[in-house]
Amino acid sequence: MSLQLYVWGPALNTPSIDPKCIVVQSYLNLIKQEYTIVKCNDPQLSPTGELPLLKDGSVWVAGVDRILTHLSKHKKDANADLSPEEKADYLAYSALAQSNLYDVMLYTWYADSTNFIKVIRPTYAKLLSFPTRYIIPIQLKNNAQARLSRHKVEIISDDVGLPQNEKEEMKELLKSGWHHMYRLARDTYTTLQAQLGDKKYFFGENLTTLDCILFGYLALHLYPDLPHKRLQYILVNEYPALAQYCDRVRDALHPSDQVPIESDPSEDVPSLWKTFTSNPLCFFSSVKSDIVSYMRSNEEKKEKSQAQIDFERKRIWSIAGGVTFMLAYIIYNGIISLEVQNEEDEEYYEDGESDYYYEEDED
């Protein structure tokens, strides 16, 4: 059965402008699973507010980690032949990529105003429709600022006084010193290249899930044609083995003559609103997890920056206000009634995990 994958569309010389969407597309290509894509460019279509979103028959799965888990259980596990030690390495390096590589990408996209104004914002504007093309890029920049605050990064203005010529710019950077986020990039590249060694792929001659994950993030370091291509410069000139590895994965999983088949969106995409109306217990469980995450011990809060704490506080109040308004409107107008679900309900969770699954009603 063919799957349907909802993603951010291709951009910046990569299969998608979002690394998580690239990861899932790469994995589906690796396991040779038939699928079509919907370039929806709208995270609000997802019940969790994130892309990618996968439709597998009557089941919907949201989020890259949940999708990979679902595919490895129900389709094919690309890590099946790994040893226990290699599986442990997979978890460690996967976390490294999704943390460090993602943060460095956000820094070059949003903290560098030249990159943001000249390329990133216009690229999102082409993918988005009116009026979201004027709203989403700023929201993404604000989200990046909140995430990067743990690295003590403030998104203010572009580098002052740097020449626009790339070679001259690199000479100037070498004289004046690099921002500490580029040191983070180098440290991460060093770790990955050392582990890669002389191997074709990360665990040898065969591609695995980790190669899909690393490619998803490294591709958006290496291939975008930005005004300030500092990550590309570092990879090509200082970590050529890692850059060549990225090219090999791209050629194997995203050959130029292979174009993903597109399809029309399903009529029953489980949007955030549908999640609330069809399964309020699941919706409030998600809200509860956000509140519990925020209401941590004082010691844990001290480890966060004030910007992160303010961001989480605003998010909780926003959710609470929205839920209160919806409940008042729904109850007043008698739109729905809330019922406790039993074991025969079709929405379900597998293995006690918090992964989001939604199954359609059968006619």
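Relevant structure appears above.
Here the structure is a predicted model, which means the values were calculated and not measured.

**Q** Looking at this structure, I do not really get the overall build of the chain. What am I missing?
**A** Counting secondary structure elements, the chain contains 14 helices and 5 strands. For the chain, the residues scored as buried account for 47% of the 363 residues in total. A separation of at least 24 residues holds for 75% of the contacts in the chain among residues at least 6 apart in sequence. Per element, the accessible surface of the chain, about 19100 Å² overall, is 51% carbon and sulfur.

**Q** Teacher, can you tell me more about helix 3 (residues 84-111) here?
**A** For helix 3, with 28 residues, the first-to-last C-alpha span of 40 Å sits near the 40 Å given by 1.5 Å per residue. If you look at helix 3, its biggest bend is around 25°, right at Ala 97.

**Q** Any chance you could explain the pattern of salt bridges here in plain terms?
**A** Should the charged atoms of two oppositely charged side chains come close, the side chains can pair. As enumerated under the stated definition, the model contains 10 salt bridges in all. Within the structure, one salt-bridge network assembled from shared partners comprises Asp 103, Arg 147 and Arg 150.

**Q** Sorry, what's going on with the pairing of strand 4 (residues 59-62) here?
**A** Two faces, one strand: in a regular strand the side chains alternate between the faces of the sheet. Burial along strand 4 is two-sided: Val 59 and Val 61 facing one way and Trp 60 and Ala 62 facing the other are all buried. The pairing of strand 3 (residues 53-56) with strand 4 spans 4 bridges and is antiparallel. The residue bridging Asp 56 from the neighbouring strand is Val 59, located in strand 4. In this antiparallel pair of consecutive strands, strand 3 and strand 4, the connection spans 2 residues, and Gly 57 shows a positive phi of 65°.

**Q** Quick question: what am I supposed to make of the packing of helix 7 (residues 180-196) against helix 10 (residues 240-253) here?
**A** Working note: a packed helix pair is described by the angle between its axes plus the distance between those axes. Look at helix 7 against helix 10: their axes get within 9 Å of each other, and the N-to-C directions meet at 70°. With respect to their mutual orientation, helix 7 and helix 10 come out roughly perpendicular. Residue-level inspection shows Tyr 189, Leu 192, Gln 193 and Leu 196 of helix 7 in contact with helix 10, the latter providing Pro 240, Ala 241, Leu 242 and Tyr 245. The residue inventory of the contact of helix 7 with helix 10, partitioned by class, reads 7 nonpolar, 1 polar and no charged.

**Q** Please explain a nonpolar patch on the surface as it appears in this structure.
**A** Taken together, Phe 130, Tyr 134 and Ile 135 make up a surface patch of nonpolar side chains, about 380 Å² in accessible area. Assignment of secondary structure puts Phe 130 in the loop between helix 4 (113-127) and helix 5 (132-148). Accessibility expressed as a relative area gives 64% for Phe 130, which makes it exposed.

**Q** So what exactly am I meant to see when it comes to the packing of aromatic side chains here?
**A** All chains considered together, the criterion is met by 10 aromatic pairs. On the basis of an interplanar angle of 65° and a centroid distance of 5.2 Å, the ring pair of Tyr 93 and Phe 202 is categorised as edge-to-face. Pair noted here: Tyr 93 is in helix 3 and Phe 202 is in the loop between helix 7 and helix 8 (209-222), with a separation of 109 residues, a long-range link. Residue Phe 202 is classed as buried on the basis of its relative accessible area of 1%. Look at Tyr 110 and Phe 116: their rings are 5.6 Å apart centre to centre, the planes differ by 50°, and that puts the pair in the tilted class. For the pair Tyr 110 and Phe 116, one class covers both residues: buried.

**Q** Explanation requested: empty space enclosed by the protein in the structure shown.
**A** Over the atoms a probe the size of a water molecule is rolled, and this reveals where empty space is left. In this structure the tally under the stated criterion is 2 cavities of 30 Å³ or more. In terms of lining residues, the largest cavity is bounded by Thr 108, Trp 109, Leu 220, His 221, Pro 224, Leu 226, His 228, Lys 229, Arg 230, Leu 231 and Gln 232. By residue number, the principal contributor to the lining of the largest cavity is helix 9 (residues 230-238), which donates 3 residues. Residue classes in the lining of the largest cavity are distributed as 5 nonpolar, 4 polar and 2 charged.

**Q** Honestly, unusual backbone geometry in this entry has me stumped. Any pointers?
**A** Of all residues except glycine, most have a negative phi; of all peptide bonds, most are trans. Residue Pro 52 is bonded to the preceding Leu 51 through a cis peptide linkage, with omega at 10°. Of note, Pro 52 is situated in the loop between strand 2 (35-39) and strand 3. With omega at 0°, the peptide bond leading from Phe 130 into Pro 131 counts as cis. By the secondary structure assignment, Pro 131 is in the loop between helix 4 and helix 5. Its identity as a non-glycine residue notwithstanding, Asn 13 has a phi of 65°, on the positive side. Checked against the element boundaries, Asn 13 lands in the loop between strand 1 (3-7) and helix 1 (19-30).

**Q** Explain the nonpolar core to me, please; I cannot follow it from the model alone.
**A** Generally speaking, nonpolar side chains in soluble globular proteins are found buried as a group. Counting 91 residues, the largest nonpolar core has Trp 109 and Tyr 189 as its most contacted members. Here this core gets 12 residues from one element, more than from any other, and that element is helix 3. Counting only domains with at least three residues in this core, you end up with domain 1 (3-77 + 259-272) and domain 2 (84-253). If we skip the residues at most four places from it in the chain, Tyr 189 touches Leu 101, Leu 218, His 221, Leu 231, Ile 234, Leu 235, Tyr 239 and Leu 242.

Here is what the cut-offs are and how they apply
- Residues numbered from 1 in each chain as written.
- Predicted model: local features only at pLDDT ≥ 70, side-chain atom pairs only at ≥ 80, totals over all residues.
- Heavy atoms only, no water.
- Helix = DSSP H or I, 4+ residues; strand = E, 2+ residues; numbered from the N terminus.
- Buried < 20%, exposed > 50% of the residue type's maximum accessible area, 1.4 Å probe, protein only.
- Contact = heavy atoms within 4.5 Å.
- Areas by Shrake-Rupley, 256 points an atom, 1.4 Å probe, with all protein chains shown as cover.
- Expected span 1.5 Å × (residues − 1).
- Bend = angle between axes of the 7 residues up to and from the residue.
- Salt bridge = Lys/Arg side-chain N within 4 Å of Asp/Glu carboxyl O.
- Pairing = 2+ DSSP bridges.
- Axes fitted to C-alpha atoms, helices over the stretch in contact; angles between N-to-C directions.
- Parallel < 35°, antiparallel > 145°, perpendicular 65-115°, else oblique.
- Nonpolar A, V, L, I, M, F, W, Y, C, P; charged D, E, K, R; others polar.
- Patch = residues over 30% accessible without salt bridge, like charges linked within 9 Å, V, L, I, M, F, W, Y side chains within 5 Å.
- Phe/Tyr/Trp six-rings, centres within 6.5 Å; stacked < 30°, edge-to-face > 60°.
- 1 Å grid on protein atoms, 1.4 Å probe; cavity = no way out; pocket = protein on both sides within 12 Å on 5 of 7 lines; lining within 4 Å.
- Points joined across faces, edges and corners; volume = space filled by probe spheres on them.
- Core = buried A, V, L, I, M, F, W, Y, C linked by side-chain atoms within 4.5 Å.
- Domains from an automatic or database assignment.

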